[in-house]
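Observations on the model geometry
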Amino acid sequence: MKIGFIGLGIMGRAMARNVIKGGYPLAVYDKFASCDDLAGLGATVVSSSREVAALSDVVITMLPNSPHVREAVLGPNGVLEGAKPGTIIVDMSSVAPAVSQEISALAAEKGVQMLDAPVSGGEPKAIDGTLAIMAGGDAEVFARVRPVLEKMGSSVVHVGGIGAGNVTKLANQIIVALNIAAVSEAFVLAAKAGVAPDAVFAAIRGGLAGSTVMDAKVPMILDGNFKPGGRLELHTKDLQNVLETSHRLNVALPLTAAVMEIIQSLIGEGMSGADHCAIVRYYEKLANVQVRRPA
Ligand code: NAD
């Protein structure tokens with residue numbers, strides 16, 4: 001099975017490496033980033049999404065948001081221009097579920113099938129090949145590409161029809177955003193009360209409040225390390241997709257809306273490229289305290 005990969009950014013590059021390590025022939029394309037390192041590992045570097053599709057049975061896309069996926073799949077020199085009937089697109093980007101459904105319907109007109117299969121776990125799990133992958137689309141198509149997905153993830157779950165993968169990812173992103181905000185509030189309180197935040201972390205991480213988010217993000221916060229990881233601008237994109245979807249369904253998400261506004265204030269201060277654990281900076285400013293290891 002020949003694989004194509006479009007979008008070799010923070011996540012896609014690590015995922016593509018694992019596909020190569022898994023023994024699949026790989027064709028790659030990124031509109032802006034160099035793919036020289038992947039060529040060194042044996043990938044064929046081409047200069048358009050159309051060429052990727054022409055060389056592949058399965059085309060994986062890992063792009064920032066809906067407009068980028070639309071452009072790469074539907075645009076001039078896009079996947080649908082190069083794909084044959086029977087080609088499978090696996091969009092692993094986090095996009096609005098309605099967009100997955102729209103692109104899938106247009107692909108189907110050309111005999112091309114599509115899964116939406118976003119991921120959770122960030123760059124460390126992309127590198128390790130231990131992402132959580134949540135896939136929507138036809139069950140038989142999912143079964144065919146599952147071995148490829150298992151090269152990138154340790155949890156690969158079919159959650160329903162097309163769009164269900166991104167609905168699941170939106171649920172994931174609500175929990176991650178609120179969890180980072182909760183951790184931030186708690187650790188700012190502890191720091192202001194004069195209790196060393198690293199001691200608080202050691203004391204509570206094994207209890208009920210402990211979480212994957214706490215384990216991943218508190219050490220970064222304690223080090224003052226806001227290098228992404230998951231950028232605030234991508235998380236605000238996800239929360240925008242959450243709120244658009246929830247408003248269409250008349251579902252009220254008051255806590256998500258509040259964290260969205262916190263992130264907006266940080267982006268307004270020029271922090272769009274910071275890791276999402278920079279949410280703590282908002283709370284640090286309110287309380288005039290920093291959550292750091294004691295010097
Ligand atoms: P990124 O910005 O680092 O990478 C995206 C890549 O796509 C870039 O290299 C860019 O040059 C390329 N690109 C943009 N438009 C293109 C086009 N039209 N054709 C070809 N290439 C194009 O983003 P990322 O952090 O790798 O995230 C990718 C997706 O995964 C996003 O939807 C994000 O929300 C999601 N995600 C990210 C993380 C994370 O921690 N970074 C975790 C889980 C999910």
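Quantities reported herein were computed from a predicted structural model and do not represent experimental measurements. (Residues numbered from 1 in each chain as written. Predicted model: local features only at pLDDT ≥ 70, side-chain atom pairs only at ≥ 80, totals over all residues. Heavy atoms only, no water.)

1. Here's the deal with the site of the ligand
- Around the ligand there are 26 residues in total, and I10, M11, D30, P64 and K237 lie nearest to it.
- Here an oxygen atom of the ligand and a side-chain polar atom of D30 are 2.6 Å apart.
- Residue G229 places a main-chain N or O atom 3.2 Å away from a nitrogen atom belonging to the ligand.
- Out of a free accessible area of 840 Å², the ligand has 91% covered by protein chains. (Near = heavy atom within 4 Å. Polar contact = N/O pair within 3.5 Å; in protein donor to acceptor, adjacent residues only side chain to side chain. Areas by Shrake-Rupley, 256 points an atom, 1.4 Å probe, with all protein chains shown as cover.)

2. Some points on the nonpolar core
- Within the largest apolar cluster, 38 residues are counted, with the highest numbers of intra-cluster contacts made by F187, L232, I279 and V291.
- Elements supplying a minimum of two residues to this core: α9 (164–192), α10 (197–204), α11 (212–222), α12 (232–248), α13 (254–268) and α14 (279–287).
- The element that contributes the greatest number of residues to this core is α9, accounting for 11 residues.
- Apart from residues lying up to four places away in sequence, V291 is in contact with F187, V188, A191, P197, I221, L222, V280 and E284.
- Of all hydrophobic cores here, the second largest spans 35 residues; its members include C35, M92, V119 and A126. (Core = buried A, V, L, I, M, F, W, Y, C linked by side-chain atoms within 4.5 Å. Buried < 20%, exposed > 50% of the residue type's maximum accessible area, 1.4 Å probe, protein only. Helix = DSSP H or I, 4+ residues; strand = E, 2+ residues; numbered from the N terminus. Contact = heavy atoms within 4.5 Å.)

3. As for the pattern of salt bridges
- Taken as a whole, this structure holds 13 salt bridges when the rule is applied.
- When the shortest N-O distance is used, the salt bridge between K217 and D275 registers 3.0 Å. Of this pair, K217 sits in helix α11 while D275 is found in the loop between α13 and α14, placing the two residues 58 residues apart along the sequence. Each member of the pair, K217 as well as D275, carries the same accessibility label: buried.
- A salt bridge links K285 to E269, with the shortest nitrogen-to-oxygen separation between them at 2.6 Å. Placement of the pair is K285 in helix α14 and E269 in the loop between α13 and α14, with a sequence separation of 16 residues. (Salt bridge = Lys/Arg side-chain N within 4 Å of Asp/Glu carboxyl O.)

4. Remarks on the environment of D198
- Among the structural elements, D198 can be located in helix α10.
- Separated by 31 residues in the primary sequence, D198 and G229 place their C-alpha atoms 21 Å from one another.
- Other than its neighbours up to four places away in sequence, D198 contacts L222, R293 and P294.

5. Some points on helix α6 (residues 97–108)
- Over its 12 residues, α6 extends 17 Å from the first C-alpha to the last, a length consistent with the 16 Å expected when each residue adds 1.5 Å.
- Lining the buried residues of α6 we find α4 (66–74), α5 (79–82), β5 (88–91), β6 (113–116), α9 and α12. (Expected span 1.5 Å × (residues − 1).)

6. Regarding the domain arrangement of the protein
- By domain assignment, the protein separates into domain 1 (3–161) and domain 2 (167–287).
- Computed over C-alpha atoms, the centres of domain 1 and domain 2 are 28 Å apart.
- Tallying the contact residues gives 14 residues for domain 1 and 14 residues for domain 2.
- Taken over both partners, the interface formed by domain 1 and domain 2 buries close to 1,100 Å², and the fraction arising from carbon and sulfur atoms is 59%.
- The three residues of domain 1 that bury the most area against domain 2 are I10, S94 and P97, which together make up 36% of that side's buried surface.
- The interface formed by domain 1 and domain 2 holds 0 salt bridges in total.
- Along the lines of polarity and charge, the residues of the side of domain 1 that touches domain 2 split into 10 nonpolar, 3 polar and 1 charged. (Domains from an automatic or database assignment. Buried area = accessible area lost by both parts, 1.4 Å probe. Nonpolar A, V, L, I, M, F, W, Y, C, P; charged D, E, K, R; others polar.)

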